[in-house]
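Below, each chain spelled out in residue letters.
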Amino acid sequence: MTCNNCNNCNNCNKCNILLLAVILLLSTAAAAANVQLQSKPSPTTQLALDWLEQGKLSGTVILQRKTLKGLKPDGFRIERTPQQTAILSPTDAGLLYGAAHLLRLQAQGLTADTLLTENPEHDLRLLNHWDNLDGTVERGYAGKSIFWPTYDKPHLLEYARRNAAVGINGVVLNNVNASPRMLTTEILNQAKTYADLLRPYGIRVYLAVNFSSPAVLDGLKTSDPLDKQVQQWWQKKARQIYQLIPDFGGFLVKANSEGQPGPMDFGRTHADGANMLARALRPYGGIVMWRAFVYSPSDPDRAKQAYIEFQPLDGQFLDNVIIQIKNGPIDFQPREPFSPLFGAMPKTPQMAELQITQEYLGHANHICFLAPMWEEFLADIKHYAHYTQQLAASRLRAIAGVANVGTDPNFCGNLMAQSNWYAFGRLAWNSSLSSEKIAREWVAQTFGTSPRLSALVTLMCQSREAVVNYMMPLGLHHIFAEGHHYGPQPWQNNPGQRADWQCVYYHRADTQGVGFDRTQATGSAATAQYPAAFGNLVENINTCPDKYLLWFHHASWTHRCQTGRPLWDELCYRYQTGLQQARHMLQTWNALQPSLPAADFLDIQQRLQTQVRDAEWWKDACLLYFQTFSRQPLPDFVEPPIHTLDELKAIRLGISNYENPSRQLLNSKR
Ligand code: GCW
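What comes next is a walk through the structure.

Conventions we followed
Residues numbered from 1 in each chain as written. Predicted model: local features only at pLDDT ≥ 70, side-chain atom pairs only at ≥ 80, totals over all residues. Heavy atoms only, no water. 1 Å grid on protein atoms, 1.4 Å probe; cavity = no way out; pocket = protein on both sides within 12 Å on 5 of 7 lines; lining within 4 Å. Points joined across faces, edges and corners; volume = space filled by probe spheres on them. Helix = DSSP H or I, 4+ residues; strand = E, 2+ residues; numbered from the N terminus. Nonpolar A, V, L, I, M, F, W, Y, C, P; charged D, E, K, R; others polar. Domains from an automatic or database assignment. Axes fitted to C-alpha atoms, helices over the stretch in contact; angles between N-to-C directions. Parallel < 35°, antiparallel > 145°, perpendicular 65-115°, else oblique. Left-handed = near helix turned anticlockwise from the far one by under 90°. Contact = heavy atoms within 4.5 Å. Core = buried A, V, L, I, M, F, W, Y, C linked by side-chain atoms within 4.5 Å. Buried < 20%, exposed > 50% of the residue type's maximum accessible area, 1.4 Å probe, protein only. Near = heavy atom within 4 Å. Polar contact = N/O pair within 3.5 Å; in protein donor to acceptor, adjacent residues only side chain to side chain. Areas by Shrake-Rupley, 256 points an atom, 1.4 Å probe, with all protein chains shown as cover. Salt bridge = Lys/Arg side-chain N within 4 Å of Asp/Glu carboxyl O. Pairing = 2+ DSSP bridges. Phe/Tyr/Trp six-rings, centres within 6.5 Å; stacked < 30°, edge-to-face > 60°. Lys NZ or Arg CZ within 6 Å of the ring centre and 35° of its normal.

Structural notes on the layout of surface pockets
Put simply, the second largest pocket is a space of about 560 Å³. Along the walls of the second largest pocket sit 19 residues, with R161, R162, A165, Y422 and Q445 positioned nearest its centre. For the lining of the second largest pocket, the secondary-structure elements that each account for two or more residues are α2 (43-54), α3 (92-107), α4 (153-165), α12 (418-429) and α13 (435-447). Per-element tally for the lining of the second largest pocket: the top contributor is α3, with 5 residues. For the lining of the second largest pocket, the residue count by class is 10 nonpolar, 6 polar and 3 charged. There are two domains that each give the lining of the second largest pocket at least three residues, and those are domain 1 (21-118) and domain 2 (125-449).

Looking at empty space enclosed by the protein
Evaluation of the coordinates by the stated rule reveals 5 cavities of 30 Å³ or more. The space that makes up the largest cavity amounts to roughly 100 Å³. Together, A292, F293, V294, Y295, R302, A306, I325, K326, G328, P329, I330 and S339 line the largest cavity. Elements supplying a minimum of two residues to the lining of the largest cavity: α9 (302-310) and β10 (321-326).

Section: the packing of helix α10 (residues 371-385) against α12
The N-to-C vectors of α10 and α12 enclose an angle of 25 degrees; their axes lie 10 Å apart at closest approach. By the criterion of interaxial angle, the relationship of α10 to α12 is roughly parallel. For the element pair α10 and α12, the recorded crossing hand is right-handed. For the pair α10 and α12, the contacting residues are A371, W374 and L378 in the first and N420, A423, F424 and L427 in the second. Of the residues assigned to the contact of α10 with α12, the class counts are 6 nonpolar, 1 polar and no charged.

Points about the nonpolar core
Y159, W290 and F626 are the most contacted members of the largest nonpolar core, which has 212 residues in total. Those residues in contact with Y159 that sit more than four places away from it in its chain are L127, H129, I146, F147, V171, L198, V405, F411 and W421.

Points about the site of the ligand
Around the ligand, a shell composed of 15 residues is seen, among which E138, K254, K326, D331 and E359 lie nearest. In the environment of the ligand, an oxygen atom lies 2.6 Å from a nitrogen or oxygen atom belonging to the side chain of E359. Taking 340 Å² as the accessible area of the ligand by itself, protein coverage stands at 97%. Broken down by class, the residue content of the shell around the ligand amounts to 4 nonpolar, 3 polar and 8 charged.

Some remarks on the pattern of salt bridges
Two side chains carrying opposite charge are able to pair once their charged atoms lie near each other. Applying the stated criterion across every chain yields a total of 31 salt bridges. In this structure, D196 and R199 form a salt bridge, with 2.9 Å as the shortest nitrogen-oxygen distance. Judged by relative accessible area, which is 18%, R199 ranks as buried.

Examining the sheet that holds strand β12 (residues 398-402)
Note on sheets: strands pair through backbone hydrogen bonds, and any given pair is parallel or antiparallel. Read around the closed barrel, 8 strands run β5-β6-β7-β8-β9-β10-β11-β12, paired in parallel fashion. Averaged over neighbouring strand pairs, the angle between their axes works out to 25 degrees when direction is ignored. Pairing of β10 with strand β11 (residues 350-355) involves 4 bridges; the strand directions are parallel. Bridge pairing links I325 to A352 in β11.

What to know about the packing of aromatic side chains
Aromatic ring pairs are reported here in terms of the distance separating the ring centres and the angle at which the planes meet. Tallying each qualifying case throughout the model produces 38 aromatic pairs. Arranged with centres 4.4 Å apart and planes meeting at 10 degrees, the rings of Y242 and Y284 form a pair that is stacked. Taken together, the residues Y242 in helix α7 (residues 228-244) and Y284 in the loop between α8 (270-281) and β9 (287-291) connect sequence positions 42 residues apart. In this structure Y242 comes out as buried when scored by relative accessible area, which is 7%. The class for Y284 is partly exposed, based on a relative accessible area of 32%. Look at F338 and F534: their rings are 4.9 Å apart centre to centre, the planes differ by 55 degrees, and that puts the pair in the tilted class. Highlighted residues: F338 in the loop between β10 and β11 and F534 in helix α16 (residues 532-539), separated in sequence by 196 residues. Its relative accessible area of 1% is what places F534 among the buried residues. Put simply, the rings of F147, W148, Y151, Y159, Y194, F411 and W421 touch in pairs and so form one group of aromatic residues. Residue placement shows R302 over the ring face of Y295; its charged tip is 3.6 Å from the ring centre. Taking NZ or CZ as reference, K326 lies 3.2 Å from the ring centre of F293, over its face.

Structural notes on unusual backbone geometry
The phi angle of most residues is negative, glycine excepted, and most peptide bonds adopt the trans form. Following W148, the chain continues to P149 via a peptide bond in cis, the omega torsion being -5 degrees. With respect to the helices and strands, the residue P149 is situated in the loop between β5 (124-128) and α4. One non-glycine residue, K56, lies in positive phi territory at about 50 degrees. Following the sequence through the fold, K56 ends up in the loop between α2 and β1 (60-65). On the basis of relative accessible area, K56 is assigned to the exposed category, the value being 66%. With a phi close to 60 degrees, L474 is a non-glycine residue in the positive phi region.

Have a look at this one:
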């Protein structure tokens, strides 16, 4: 553990004295808002003081560095008496988090309990930026990269503040589809600049690395992890990085996935590759986050492939390696069951990767609060995969979210999307927080505490289910338009391409029914990869929750759903409901106009209008298409389609320009 004052010592004498000085000053004199400090506190405590002052926190607040039983390094205790409020923490970062906590309470019109203790559940709470060195952001809908090729300092510092305010303490600066150039001296120097700017906010930097870097950058004959020269190359690189960035966090690696190089190119395993990097970083305390997002065709069912590739490697990774697993077994769909890898590698630390950017959830056009999705996932892995116990026993406790941040003035493409960044940070700190609580906190801090705003909290909490309903209800998945993943294309089936890149592969509709049979009895047996309690539940079509029905079963069109409706009717009902929910969101928003800033109101209103049109599009496209298989009429409760299937099939959106003329059809008939 490095000391917070100089970041490269183990509590050296010099630092202890300095820290003591800061504590004394802060604890004897520092009413946050009005005290003149005689000597400089650390940059981090100075930030805490600034925040408290700017937040006009009432009363006297004392910040004190203190090791207390039961407090983790980033944890804090708040002790409130009628005279003063004390924030106590073993670290400066903890003091900063304590200050943020007080401000969060104040914004909600609440005061701290007389005694409260907060500890983060995950020690490493990380954002992954899919930012490329040319400034583009893969799956980014909020402008350009905030890091590459250059940066705007006030924007970056405000980004840092927002991260620290929710406890995010690490950021991966670049895309997992990593350019080898990332490890050149020029770019590492730039990474050092960011490390220096972010450090006071308690944020460490990490880098995504390309496994072929030794060969590509320095002409080594191979990047084989068992090759001596390759190992030395990484050791030298690690030394160079730590000279620049003494508190560098470590590497994130996407290997042998979607065309990225990796150890398997040389006949080695993921463990060989990860351990080689881990050895290079270990002398400095760095870690390797090795992604399990792989789907080489080891099995005809893509949902099984990561488990098949990784589970047998349990126990083979060094202790500074952690396996980073997307929440679901496919790819950030609006709804997926949890990945069966969670809990299946008891000897290996694992971390969840969530996607904050809305790649599959309407980009920055749709208002979709993601906390309910993450809450559902976290509850499931706690219940079925004993996540909490595993975390408690783990050497590394971490969680990552793929950022939705860019150069847009509001950071996230629209104001409401900020709530997802916020929610990720809050859940990374405490995965038991309810989405409703998080939404309430965010609304209060963003728009104030008018009682009318409770309607916005409700809108947010219902928005994810609305999106699932109008896009992919009942366990349908990956029926998006190819490439940009915006809009429906369930008919997509390109001859000659990988089967699992085609939508028809995922829904398997035919005249009998629809859905992917993943049962042991008759299907791919993906259910067998799960803990028995979940596997048995979903294996049986009668107990499988409707929300996962078509994920695990090829159900007949006449199958009776848990609602009592036959499948075809239920499908129609869900799409129609999703559309109505989208309209309801727009109405709710419109009614909130007096309580909202005008520009934000108009911007979100326009997006919600688009969302309603897109919900019509999804409903028409999916129902008309699936109707060609079910051969049944649309029930009366379904609005007649606005568009014909042929018209909808003709819509071709560009990968980067999905607002192109072919989309205008969606408006033309309304
Ligand atoms: O979801 C898919 C995305 C890719 C992404 C990949 C991954 C960074 O479509 O854009 O690449 O997952 O997570 O590696």
